[in-house]
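Chain by chain, the residues:
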Amino acid sequence: MSSFEELVYRYDRHVLNIAKSFRNNDEDAKDIYQEVFIRVYRGLKNFRFKSEFTTWLFRITTNVCITHQTRKKNHDSINREISSDEEDER
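Definitions and cut-offs
- Residues numbered from 1 in each chain as written.
- Predicted model: local features only at pLDDT ≥ 70, side-chain atom pairs only at ≥ 80, totals over all residues.
- Heavy atoms only, no water.
- pLDDT = per-residue confidence, 0-100.
- Helix = DSSP H or I, 4+ residues; strand = E, 2+ residues; numbered from the N terminus.
- Buried < 20%, exposed > 50% of the residue type's maximum accessible area, 1.4 Å probe, protein only.
- Core = buried A, V, L, I, M, F, W, Y, C linked by side-chain atoms within 4.5 Å.
- Contact = heavy atoms within 4.5 Å.
- Salt bridge = Lys/Arg side-chain N within 4 Å of Asp/Glu carboxyl O.
- Axes fitted to C-alpha atoms, helices over the stretch in contact; angles between N-to-C directions.
- Parallel < 35°, antiparallel > 145°, perpendicular 65-115°, else oblique.
- Left-handed = near helix turned anticlockwise from the far one by under 90°.
- Nonpolar A, V, L, I, M, F, W, Y, C, P; charged D, E, K, R; others polar.

A. Looking closely at the confidence of the model for the protein. Summary statistics for the protein give a mean pLDDT of 84 and a share of 80% for residues scoring 70 or more. By mean pLDDT, the top-scoring element of the protein is helix α2 (residues 26-43) (94), and the lowest-scoring one is helix α3 (residues 53-89) (76).

Next comes the structure, spelled out in structure tokens:
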């Protein structure tokens with residue numbers, strides 16, 4: 001557990017900066033940050049050192065950013081559809 005805490009301490013700013021660059025929103029960036037380190041924690045047992053740890057970490061970060069962005073677009077699209085339907089009912 002202390003090793004994981006060291007990884008978080010060492011790379012937290014990098015992950016947060018990448019998340020902010022993708023979303024340009026502090027709340028979204030914090031959500032991404034949290035999801036990244038949950039995935040890292042769960043995936044550490046499978047890391048095989050075939051690449052640098054940072055490469056693996058930043059790939060996870062990028063994937064979470066892309067997933068978050070896709071979910072956000074889908075959510076916004078659904079909200080627009082619901083708003084449009086409500087206006088049509090009036």
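B. Highlighting unusual backbone geometry. You will see that F49, though not glycine, has its phi angle at about 60°, which is positive. Structurally, F49 can be placed in the loop between α2 and α3. Residue F49 is classed as exposed on the basis of its relative accessible area, which comes to 68%.

C. Layout of the nonpolar core. V36, V40, F53 and L57 are the most contacted members of the largest nonpolar core, which totals 19 residues. In terms of residue count, helix α1 (residues 2-23) provides more of this core than any other element does, 7 residues in total. Setting aside anything within four residues of it in sequence, one finds L57 in contact with Y11, V15, V36, F37 and V40.

D. Representation of the pattern of salt bridges in the model. Following the criterion strictly, the structure yields 4 salt bridges and no others. Among the salt bridges present, the one from R10 reaches E6, with a minimum N-O distance of 3.5 Å. Of this pair, R10 and E6 are both found in helix α1, 4 residues apart, which corresponds to roughly one turn of the helix.

E. Layout of the packing of α1 against α2. Between α1 and α2, the shortest axis-to-axis distance is 8 Å and the interhelical angle comes to 140°. By the angle class used here, α1 and α2 are oblique. In the crossing of α1 with α2, the sense of the turn from one axis to the other is right-handed. Packed against α1, whose contacting residues are F4, L7, V8, Y11, D12, V15, L16, A19, K20 and R23, the element α2 presents D26, D28, A29, K30, I32, Y33, V36, F37, V40 and Y41 at the interface. The residue inventory of the contact of α1 with α2, partitioned by class, reads 14 nonpolar, no polar and 6 charged.

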